[in-house]
Amino acid sequence: NDTATRRRIQALDQDVVNKIAAGEIIVAPVNALKELMENSVDAGAASLEILVKDGGLKLLQVTDNGCGIEKEDLPILCERFTTSKLQKFEDLQTIATYGFRGEALASISHIAHLTVTTKTKDSSCAWRAVYEGGKLTPAKPGQSADPKPVAGRQGTQITVEDLFYTIPTRQRAFRSTSDEYSKIIDMVRRYAVHCPHVGFSCKKHGESSATIAIPAHTSRSDRIRRLYGGSVANGLTEFSTSDDQLGFKASGFATNANYSAKKTTFLLFINHRCVESFKIRKAIEQTYASFLPKNSHPFVYLSLEIDPRKVDVNVHPTKQEVHFLNEDETIQAVCEHLRSELAQVDASRTFLTQT
Ligand code: ADP
Ligand code: MG
């Protein structure tokens, strides 16, 4: 047949390339939400309000009170690889912000309807821009694509509608919107624990009360109590340790032997980015094995700060995984410290029950 005999190599349409790339970065609504939350935190926001409809597939909206975006930047905001955070490749080594590739908004604009309303401190009004496929587009047919002046407070509101409408197979793959909402809530809780001085709220569209509501001035242990419950909060031990030679700082909260759950809850942040690490999770579970009865598991929130020059954040499109130098030694040192903290609590508990 024709296609078998004429196997010529052709460049893909730019539009196809963009959709493929976007589908790798944004796999589910929660990936889009994570990017939006990180952008808001990068923008110095002290409050993040999140609104979700149909598990984020119909609507995902994040409203922040951060620095806002200059009107002049709006035309290129959603082009691929436009960012205010990275200039040279070497900057990747010292990157302190969450974002750096300028890909998130571009990706979202290729697979969803994206509306941005934003106001900087010095602007006299807010500006609203609508995007399609990386470019400004009219809000309604026949209108101009230019950003429109609207009333608004300082900060940025990003509205993502009809996620994956350009990738129907992906859209159909989501069976349960409540599963997607659970993933969203899980991610918001993680950032709400990690980001001090930032208030978070997350609401399902059409419901009167928020699922999550954490005022900005809430201590970390109170955040854990409100988000993960009293039984977690009552058994918490705060820890912190560091090692200059290995080049890391670690801090967090972990439940002691008084607490046990059916499953481990592990909140891991590496250089303020929420990530997964099977290796670290396993090491922590092993650490607890000597303190907890069989089949009971801890809650651990761990924030690891590693010299940015030793971390490779760019190993995965969703930035879910990171690798760093001295990984094994660092994990061992953190777990050793955790073990000694837990042993102390355990000893005092035994002491208390004996008297
Ligand atoms: P990155 O975060 O990697 O730079 P993004 O596509 O996520 O790429 O965002 C592009 C740029 O848009 C950012 O560099 C930032 O300047 C701006 N931006 C995005 N979201 C916000 C926000 N909530 N507040 C202020 N600026 C924002
Ligand atoms: Mg970003």
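Just above, that's the structure.
The text that follows walks through the structure, step by step, so that each part is easy to find. Source: prediction; values computed, not measured.

## Here's the deal with the packing of helix α3 (residues 29–42) against helix α6 (residues 177–194)
- Their axes nearest at 9 Å, the elements α3 and α6 cross at an angle of 25°. Taken together, α3 and α6 sit at an angle that is classed as roughly parallel. When you trace α3 past α6, the crossing you get is right-handed. On the side of α3, the interface is formed by P29, V30, L33, K34 and M37, while α6 contributes E180, K183, I184, M187 and Y191.
- The residue inventory of the contact of α3 with α6, partitioned by class, reads seven nonpolar, no polar and three charged.

## Topic: the environment of S296
- One can find S296 in the loop between α9 (278–289) and β14 (299–306).
- Spatially, the C-alpha atoms of S296 and A261 are 5.2 Å apart, while their sequence positions differ by 35 residues.

## Structural notes on the nonpolar core
- Residues A32, I108, V160, L163, A192, F200 and I224 are the most contacted members of the largest nonpolar core, which totals 80 residues.
- Taken together, domain 1 (14–214) and domain 2 (230–354) each give at least three residues to this core, which thus spans both.
- Setting aside residues no more than four positions away along its own chain, V160 makes contact with A32, L60, I108, A112 and L114.

## Details of helix α2 (residues 14–25)
- Here α2 contains twelve residues, and its C-alpha end-to-end distance of 17 Å stays within 8% of the 16 Å for a straight helix at 1.5 Å per residue.
- Along α2, the residues classified as buried are N18, K19, A22 and I25. All buried residues of α2 fall inside an arc of 125° around its axis, so they share one side. Residues of α2 that are exposed and point more than 90 degrees away from the buried face comprise V16 and I20.
- Residues of α2 that are buried sit in contact with α3 and α4 (104–111).

## Some points on the sheet that holds strand β13 (residues 273–274)
- The sheet built from five strands is open, its strands ordered β10-β11-β14-β12-β13 with mixed pairing. Every other strand in the sheet has two partners, leaving β10 (236–243) and β13 as the edge strands with one partner each.
- Sheet topology note: the β10/strand β11 (residues 248–255) ladder contains eight bridges and is antiparallel. In the strand pairing of β11, E238 is matched with F253.

## Concerning the environment of A139
- Its location among the elements puts A139 in the loop between β5 (135–136) and β6 (148–150).
- Sequence separation between A139 and H110 is 29 residues, and the spatial gap between their C-alpha atoms is 16 Å.

## Here we look at α4
- In terms of burial, α4 is a largely internal element, eight of the eight residues being buried.
- As for α4, its buried residues are in contact with α2, α3, β3 (113–119), β4 (126–132) and β7 (155–161).

Cut-offs and rules
- Residues numbered from 1 in each chain as written.
- Chains lettered and ligands numbered in written order.
- Predicted model: local features only at pLDDT ≥ 70, side-chain atom pairs only at ≥ 80, totals over all residues.
- Axes fitted to C-alpha atoms, helices over the stretch in contact; angles between N-to-C directions.
- Helix = DSSP H or I, 4+ residues; strand = E, 2+ residues; numbered from the N terminus.
- Parallel < 35°, antiparallel > 145°, perpendicular 65-115°, else oblique.
- Left-handed = near helix turned anticlockwise from the far one by under 90°.
- Contact = placed C-beta atoms within 7 Å.
- Nonpolar A, V, L, I, M, F, W, Y, C, P; charged D, E, K, R; others polar.
- Core = buried A, V, L, I, M, F, W, Y, C linked by C-beta atoms within 7 Å.
- Buried ≥ 20, exposed ≤ 12 C-beta atoms within 10 Å, placed from the backbone.
- Domains from an automatic or database assignment.
- Expected span 1.5 Å × (residues − 1).
- Arc of directions from axis to C-beta.
- Pairing = 2+ DSSP bridges.

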